[in-house]
Amino acid sequence: EADIYQTPRYLVIGTGKKITLECSQTMGHDKMYWYQQDPGMELHLIHYSYGVNSTEKGDLSSESTVSRIRTEHFPLTLESARPSHTSQYLCASSPFTVNTEAFFGQGTRLTVV
Amino acid sequence: GENVEQHPSTLSVQEGDSAVIKCTYSDSASNYFPWYKQELGKRPQLIIDIRSNVGEKKDQRIAVTLNKTAKHFSLHITETQPEDSAVYFCAASKTGNQFYFGTGTSLTVIP
């Protein structure tokens, strides 16, 4: 089934650890996004990509990095986790040339202790 | 870049009443306007969308209107039900570009 998958769903990790949040989509979409969202609150765009080897920073300043080596895969890495990184991270994808919706993954809820 | 403003931030209505959420955008080149519903603990999901060549679109109890001249669009939910309680986000985009989201409206339908 075509979908967008995020792992892990929940993660509790200590300060200073390096973590990678995984996002994969089987929808054949070119564009992919990472949003940070506190529960029920505004979606903040932190990174996006228009295709392989394309990555851009979003509006929210972030200490994370992303890569886009394969069309279907868009991982987010935090080199050194801090309590301020505690949040929900949502991955999304959409086609490039057609104005249609962005599809969201289930999200990763990250807690840094 | 685009700036999307959304009002109100919270909205409470009695079951059966109507709810209206309004958004404005700044970039006249934006041509696609989706609305998302996010239930507690779940991912945002599209409920309705409208493109700039259309002024109004309706899907059962949900409708969206677009005023390109004034650069605003609105979500209308009629005959509200408790399961309509959620956070609603508007968004704007133009072909090939990213989505710009509003700040969200928390809707509570009181039985």
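Structure: see above.
Residues numbered from 1 in each chain as written. Chains lettered and ligands numbered in written order. Predicted model: local features only at pLDDT ≥ 70, side-chain atom pairs only at ≥ 80, totals over all residues. Heavy atoms only, no water.

1. Some remarks on the sheet that holds strand E8 (residues 76-78) of chain A
All names here are of chain A.
Now for step 1: Judged by pairing direction, the sheet is antiparallel, and its four strands sit side by side in the order E1-E3-E8-E7 without closing on themselves. Here the strands that pair on one side only, and so sit at the sheet edges, are strand E1 (4-7) and strand E7 (64-66). Taking each pair of neighbouring strands and ignoring which way they run, the sheet shows an average axis angle of 15°.
Now for step 2: Alignment of E1 against strand E3 (residues 19-25), held across four bridges, turns out to be antiparallel. Bridge pairing in E3 links Tyr5 to Ser24. (Pairing = 2+ DSSP bridges. Helix = DSSP H or I, 4+ residues; strand = E, 2+ residues; numbered from the N terminus. Axes fitted to C-alpha atoms, helices over the stretch in contact; angles between N-to-C directions.)

2. Let's talk about the sheet that holds strand E7 (residues 62-67) of chain B
All names here are of chain B.
Now for step 1: Ordered in space as E1-E3-E8-E7-E6, the five strands form an open sheet in which the pairing is antiparallel. Because the sheet does not close on itself, it has two edges, and the strands there are strand E1 (4-7) and strand E6 (56-59). Strand-to-strand twist across the sheet, computed as the mean angle between neighbouring axes with direction ignored, equals 15°.
Now for step 2: Relative to strand E8 (residues 72-77), E7 runs antiparallel, the two being bridged by six bridges. Of the residues in E8, the one forming a bridge with Asn67 is His72.

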